[in-house]
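Architecture and fold: a report
Chain by chain, the residues:
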Amino acid sequence: DAGITQSPRYKITETGRQVTLMCHQTWSHSYMFWYRQDLGHGLRLIYYSAAADITDKGEVPDGYVVSRSKTENFPLTLESATRSQTSVYFCASSESSDIYGYTFGSGTRLTVV
Amino acid sequence: KQEVTQIPAALSVPEGENLVLNCSFTDSAIYNLQWFRQDPGKGLTSLLLIQSSQREQTSGRLNASLDKSSGRSTLYIAASQPGDSATYLCAVKGDNDMRFGAGTRLTVKP
């Protein structure tokens, strides 16, 4: 099916563990983004990518690592999870032109215990 | 740094009312503005996208306006229904990323 899919939908992990959230899109959009959504802060940009092998930091990148070896995939890794990283994570994609809006995945709810 | 504010944070109306949700932003140098709907525990669904050169966009009972010079956008919902109950988010697109407001939580009572 065409679209943007995130996996897993729910994840519980322990403090200090590494965890990777997956994002896959089928449109070949140039841009991909990772946001986190927290009560009181709204959606904040973690990292974004303008194309394969090009990534850049957003507003809250500390503690996260991204890669983009293929246009369609944009995984987000928490190298050593902390409780403050408990959040809902959303992946989004967009065409390269400024006139386009964003399309979001369904989100991953991550709990760090 | 772009700041996006949505007022009110929550709104409760009886079914059938027309209503307006507000969004303001501090930097008028935007490419576009997008309104999203988010149901509890779900992702964001795009409702309307307004380019910086446009004044408004319409889709069914929804109408969004944009006044870039004053840093304001409104989302007008006509003849509200219980199924419209959700959180509505506005987001403005500048260089490199999109900035979001915290949302307005709308409840439409039957």
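Residues numbered from 1 in each chain as written. Chains lettered and ligands numbered in written order. Predicted model: local features only at pLDDT ≥ 70, side-chain atom pairs only at ≥ 80, totals over all residues. Heavy atoms only, no water.

For the rest of this paragraph, the subject is the overall build of chain B. Helix and strand counts for chain B come out as 0 helices and 11 strands. In sequence order, the secondary structure elements of chain B are arranged as β-β-β-β-β-β-β-β-β-β-β. In terms of C-alpha radius of gyration, chain B reaches 13 Å, essentially the compact-globule figure of 13 Å for 110 residues. Across its three principal directions, the C-alpha atoms of chain B cover 40 × 25 × 20 Å. Across the 110 residues of chain B, 44% fall into the buried class. Taking the intrachain contacts of chain B between residues at least 6 apart in sequence as the baseline, contacts between residues at least 24 apart amount to 53%. Looking at chain B as shown, the accessible area adds up to about 5200 Å², and 47% of this sits on carbon and sulfur atoms. Separation of charge centres in chain B, based on 11 positive and 10 negative side chains, amounts to 3 Å. (Helix = DSSP H or I, 4+ residues; strand = E, 2+ residues; numbered from the N terminus. Rg over C-alpha atoms; globule rule 2.2 N^0.38 Å. Buried < 20%, exposed > 50% of the residue type's maximum accessible area, 1.4 Å probe, protein only. Contact = heavy atoms within 4.5 Å. Areas by Shrake-Rupley, 256 points an atom, 1.4 Å probe, with all protein chains shown as cover. Lys, Arg positive; Asp, Glu negative; His and termini not counted. Charge placed at Lys NZ, Arg CZ, Asp CG, Glu CD.)

This part takes up the sheet that holds strand β1 (residues 4–7) of chain A. Strands pair in a sheet through their backbones, by hydrogen bonds, and they do so in one of two ways: parallel or antiparallel. Residues and elements named next belong to chain A. Read from one edge to the other, the open sheet built from 4 strands follows the order β1-β3-β8-β7, with strand pairing classed as antiparallel. Looking at the sheet topology across the chains shown, the edges are occupied by β1 and β7 (64–66). Shown here is a sheet whose adjacent strand axes are inclined to one another by a mean of 20°, direction ignored. By the bridge criterion, 3 bridges tie β7 to strand β8 (residues 76–78) in an arrangement that is antiparallel. Bridging across to β8, Val-66 finds its partner in Leu-76. (Pairing = 2+ DSSP bridges. Axes fitted to C-alpha atoms, helices over the stretch in contact; angles between N-to-C directions.)

Bringing the pattern of salt bridges into the picture now. Residue and element names in this part refer to chain B. This model, assessed by the stated rule, comprises 7 salt bridges over all chains. Salt-bridge contacts for Arg-37 lead to Asp-39; the nearest nitrogen and oxygen are separated by 3.0 Å. Classification of Arg-37 by relative accessible area gives buried; the value is 17%. Arg-61 is the salt-bridge partner of Asp-84, the closest N and O atoms lying 2.8 Å from each other. Pair noted here: Asp-84 is in the loop between β8 (72–77) and β9 (86–93) and Arg-61 is in the loop between β6 (56–59) and β7 (62–67), with a separation of 23 residues, a long-range link. Residue class for Asp-84 comes out buried when judged on its relative accessible area of 7%. (Salt bridge = Lys/Arg side-chain N within 4 Å of Asp/Glu carboxyl O.)

All names here are of chain B. Judged by which residues are buried, β8 turns out to be one-sided: Ser-73, Leu-75 and Ile-77 face inward and are buried, whereas Arg-72, Thr-74 and Tyr-76, on the alternate face, are not. Note: strand β3 (residues 19–25) against β8, 6 bridges, orientation antiparallel. Along β8, the bridge assignment pairs Asn-22 with Thr-74. Pairing analysis gives 6 bridges linking β7 to β8, with the strands arranged antiparallel.

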